[in-house]
Amino acid sequence: MYSFLKRLIFLLMMASFSANALAAYWIDDMDKEPDNYRLTKRNGDTDPVTIYKTLEDGDCIEVTGSKASLWITSDSGPREMLSRDGVSNKCIKEKYVENASAIISNLTEWAGRWLTSRIESTTTRSVVSLFTRGDEARGITIPLANQGGLRMVSGQRPVYIGWQGGKQPFSVNMVSEADRRTVFERRNIMDRRVKIDSLFLKEGTYRIEISDAIGMVSQSLHVVSPSQLPYPTLKLHGSKSSQDRLALTEAVRLASQREGWAFEAYQTAADLAPRYRPAHILQESLEYGDMPLPMPE
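Residues numbered from 1 in each chain as written. Predicted model: local features only at pLDDT ≥ 70, side-chain atom pairs only at ≥ 80, totals over all residues. Heavy atoms only, no water.

S.K.: Can you tell me about the state of the cysteines, naming the residues and giving the values?
M.R.: Applying the stated criterion across every chain yields a total of 1 disulfide. Between the sulfur atoms of Cys 60 and its disulfide mate Cys 91 the distance is 2.0 Å. Taking the sign of the torsion about the S-S bond as the criterion, the disulfide between Cys 60 and Cys 91, at about 110 degrees, is right-handed. A residue pair is termed long-range when its members are at least 10 positions apart, and Cys 60 in strand E5 (residues 60-63) and Cys 91 in strand E8 (residues 89-91) qualify at 31 residues. (Disulfide = S-S within 2.5 Å. Helix = DSSP H or I, 4+ residues; strand = E, 2+ residues; numbered from the N terminus.)

See below:
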């Protein structure tokens, strides 16, 4: 009953959510830790700088780090980059009417704070992977499954799988447990992730097998109806930037729900990652089993 009431309340709040519900300006991305930037309010106070931070009339955002960049965007304007090598600051001189529901505003800011807190660890992991081969000494693992296995929604869609450890080349097989039919097979994979361009998965249980020359790991994938999602899906209105922000916000929240939902969240992150760096932060964090805790209620 409690779960049903939560879903009903969320649906009622979403009914009033429109294309103009988001703040006029926000911080859409940053490539360094928060101490490389300064946000000064109209009254002279400073605020923490985080991804998805709302920028209000009179706010001034400045890049102070020598090799740092930051991107801001709005519902109606282009995405703008600030850096020490070019334009390093911007002051907002535009008022907006805040008509977003409290749940959407809080959810977006919560997701942005979590993404910001992972900037340093994501950067560190990328640097370490360039200079060490420690992964090859470990067996293959699927950290995505650490919080309740793997779960995703049924339908025709690309499917992304990521893992850790092992030594290239890898092979990946996916088999339906209902009829033992192989639905996907690929060999000689040189990365620790793979994209299946388009695959129809009906509801049921599948077995994912990842192997290298030394060993193999297998994991069950539970494909379920969209009605089993723990929350209703957000409607993606507004500009492309607004849609990306909402899609990734929803993915961060879904990854926090345990019960295998990190795998569904990973699908969104991996799909957005090639063109949207905050999505890459979530993608890599989930690949390492680093998942957000549920949003405080």
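S.K.: Which residues make up the sheet that holds strand E6 (residues 69-74), and what values do they have?
M.R.: Across the sheet, which stays open at both edges, the 4 strands sit in the order E4-E1-E6-E7 with antiparallel pairing between neighbours. Single-partner strands in this sheet number two, and they are strand E4 (54-55) and strand E7 (80-83). (Pairing = 2+ DSSP bridges.)

S.K.: Tell me about the packing of aromatic side chains, and name the residues and values.
M.R.: A complete count under the given rule lists 1 aromatic pair for this structure. Ring centres of Trp 163 and Phe 170 lie 5.4 Å apart, and the angle between their planes is 75 degrees; this geometry places the pair in the edge-to-face category. Take Trp 163 and Phe 170: they sit in the same class, and that class is buried. The ring of Trp 261 has Arg 151 lying over it, and the distance from NZ or CZ to the ring centre is 5.8 Å. (Phe/Tyr/Trp six-rings, centres within 6.5 Å; stacked < 30°, edge-to-face > 60°. Buried < 20%, exposed > 50% of the residue type's maximum accessible area, 1.4 Å probe, protein only. Lys NZ or Arg CZ within 6 Å of the ring centre and 35° of its normal.)

S.K.: Can you break down the nonpolar core residue by residue, with the values?
M.R.: With 73 residues, the main nonpolar core has Leu 70, Ile 161, Trp 163, Met 174, Leu 201 and Leu 221 as its most contacted residues. The dominant element in this core, judged by the number of residues it contributes, is helix H6 (residues 262-272), at 7 residues. Excluding its chain neighbours within four sequence positions, the residues that come into contact with Leu 221 are Leu 150, Arg 151, Met 152, Met 174, Leu 201, Gly 204, Thr 205, Tyr 206, Ile 208 and Phe 263. (Core = buried A, V, L, I, M, F, W, Y, C linked by side-chain atoms within 4.5 Å. Contact = heavy atoms within 4.5 Å.)

S.K.: Lay out the side chain of Ser 74 with the relevant residues and their values.
M.R.: Tracing the chain through its elements places Ser 74 in strand E6. Given the relative accessible area of 4%, Ser 74 is considered buried. Leaving out residues up to four positions away in the same chain, Ser 74 has contacts with Ala 24, Tyr 25, Trp 26 and Ser 239.

S.K.: Before we move on, could you go through helix H5 (residues 240-255) and cite the residues and values that matter?
M.R.: Helix length check: H5, at 16 residues, gives a terminal C-alpha distance of 22 Å against a target of 22 Å (1.5 Å per residue), a fit within 8%. For H5, the buried fraction is high: 14 of the 16 residues fall into the buried class. (Expected span 1.5 Å × (residues − 1).)

S.K.: Help me get a handle on the environment of Ala 178, residues and values and all.
M.R.: Note that Ala 178 resides in the loop between strand E11 (170-176) and strand E12 (182-189). With 27 residues separating them in the primary sequence, Ala 178 and Thr 205 have C-alpha atoms 7.1 Å apart.

S.K.: Any details on the pattern of salt bridges? Residues and values, ideally.
M.R.: Two side chains of opposite charge can pair, provided their charged atoms sit close to one another. Taken as a whole and assessed by the stated rule, the structure comprises 17 salt bridges. With a shortest N-O distance of 3.0 Å, Lys 41 and Asp 59 are connected by a salt bridge. Of the two residues, Lys 41 is situated in the loop between strand E2 (37-40) and strand E3 (46-47) and Asp 59 in the loop between E4 and E5; the sequence distance between them amounts to 18 residues. Considered together, Lys 41 and Asp 59 belong to a single accessibility category, that of buried residues. For Asp 244, the salt bridge is made with Arg 275, and the minimal N-O distance between the two is 2.7 Å. Within this pair, whereas Asp 244 is found in helix H5, its partner Arg 275 is found in the loop between H6 and helix H7 (277-287), the two being separated by 31 residues in sequence. Judged by relative accessible area, which is 48%, Arg 275 ranks as partly exposed. (Salt bridge = Lys/Arg side-chain N within 4 Å of Asp/Glu carboxyl O.)

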